Amino acid sequence: MFQRSSQPLVAGAALCLALASVSAQAATWSDTAIGYRYGTQFQEPGNDEDVAKHVLQFTHASGYSLGQNFFNLELLQSDSADPARNSEEGATEAYLVYRHQLHAGKVFDAPLAFGPVKDVALSGGFDLNTKNTAFAPRKRQLLLGPTLKFDVPRGFLDLSLFTSYEWNHCGLDFPGSCTSPGNETDISFDPYYQLNLAWGLPFEAGELPMKFQGFFNLNGAKGEDYVGDETATEQLMRTSLMLDAGQLAGMGENTLWVGAGYEYWRNKFGNQDKPGVDTDALMLQLEWHL
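Residues numbered from 1 in each chain as written. Predicted model: local features only at pLDDT ≥ 70, side-chain atom pairs only at ≥ 80, totals over all residues. Heavy atoms only, no water.

**So, the overall build of the protein chain**
Note the threshold: Comment: elements are numbered from the N terminus, with helices defined as DSSP H or I runs of at least four residues and strands as E runs of at least two. Our radius of gyration is a C-alpha quantity, and the globule rule it is checked against amounts to 2.2 Å times the number of residues to the power 0.38. Only protein chains enter the area calculation, which uses a 1.4 Å probe; residues under 20% of their type maximum are buried, those over 50% are exposed, and those in between are partly exposed. Note on contacts: a residue pair qualifies if any of its non-hydrogen atoms lie within 4.5 Å across the two residues.
Looking only at helices and strands, the protein chain features 3 helices and 13 strands. Expected size for 290 residues packed as a compact globule is a radius of gyration near 19 Å; at 20 Å, the protein chain falls within 12% of this value. Viewed in the frame of its principal axes, the protein chain has a C-alpha envelope of about 55 × 45 × 35 Å. Residue burial in the protein chain is summarised as follows: out of 290 residues, 48% are buried. Contacts in the protein chain between residues at least 24 apart in sequence constitute 58% of all its contacts with a sequence separation of at least 6.

**Observations regarding the side chain of K222**
If you trace the backbone, K222 turns up in the loop between β10 (208–219) and β11 (234–244). Among all residues touching K222, those that are not within four sequence positions of it are E166, F189, D190, Y192, T231 and F269.

**Describing the side chain of S164**
Going by this rule: Whenever two N or O atoms come within 3.5 Å, that pair is a polar contact, provided that in protein one can donate a hydrogen and the other can accept it, and provided that, for residues adjacent in sequence, both atoms are side-chain atoms.
Tracing the sequence through the fold places S164 in strand β7 (residues 156–169). One polar contact links S164 to Q141, side chain to side chain, over a distance of 2.8 Å. Once residues within four sequence positions are removed from consideration, S164 is found in contact with Q141, L142, L143, P191 and Y192.

**Some details on the packing of aromatic side chains**
Heads up, the rule is: Side-chain rings of Phe, Tyr and Trp (the six-membered ring for Trp) are treated as a pair once their centres are within 6.5 Å; stacked means planes under 30 degrees apart, edge-to-face means over 60, and tilted covers the remaining angles.
Taken as a whole and judged by the stated rule, the model has 6 aromatic pairs. The interplanar angle of 70° and the centroid separation of 5.8 Å between the aromatic rings of F58 and F71 together place this pair among those described as edge-to-face. Pair noted here: F58 is in strand β2 (residues 47–64) and F71 is in strand β3 (residues 67–78), with a separation of 13 residues, a long-range link. Summarising the aromatic geometry, the rings of Y98 and F126 are spaced 5.7 Å apart at their centres and angled 35° between planes, so their arrangement reads as tilted.

**Side note on the environment of V152**
Locating V152 in the fold gives a position in the loop between β6 (140–150) and β7. Spatially, the C-alpha atom of V152 lies 8.4 Å from that of P116, the residues being 36 residues apart in sequence. If we ignore the near neighbours within four places in the chain, the residues touching V152 are L157 and L201.

**A short note on the environment of E234**
Secondary-structure assignment places E234 in strand β11. Note: C-alpha distance between E234 and G270 (36 residues apart in sequence) is 5.4 Å. Setting aside anything within four residues of it in sequence, one finds E234 in contact with N217, L218, N219, W265, R266, N267, K268, F269 and G270.

Structural data, given as structure tokens:
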């Protein structure tokens, strides 16, 4: 399905699985889940049609003596409104995220706490993706920066400020596209900032065990794109309200979660002033924790 462009992604996935395995051996806590979500209102830049997507997700988070790891791999299957290259079938995408945190409180035996912040961490990681569309993206992103870990009664609330470096690829081959003379097929974007807010907040609504989870990214402009157009500030929020259905069914806590999600995306991938760069998509979501 994916050819040579997917090899770095496969290597990255193997590396992350190895890191997760090593850290799990000395883990102070861990949580592994398989998830699924579905929506019909997704958007793709340059496409004015709504796209339906099935998304299969594998997530692992764990803590160890100096900090924590987070790994997330998603396989996204579009319908025919977002076709694969030279096909009427929907495109397939793989997207990998890895983040690592070093906690000051664990490294120096004393948390760096102030006000509502219970500790500070140094965070870093990478994103990788590949997709078999005509555009043929191959995103490679590195991130590094501080994280404020807020003191909440249950769950977590983290605010990070990253410096980000991103490389990508464009395979379009029509006149005026990125393969035209003078344009770029592979590009190194200007360094940019990413403000990331991530949360997972369990609570009870009467006798119903619930959680509110998600993330919000604010990405600064990253210079010119493949055809010399200026990129714009990008916003992405993906959040969900989930019910612990497994606990209600007698399967134990944190086993099967069901709920509804919402994706908000503005200036997708830094694109602006074209169709398909803004998304408002409702989603059905499921999580099975192993």
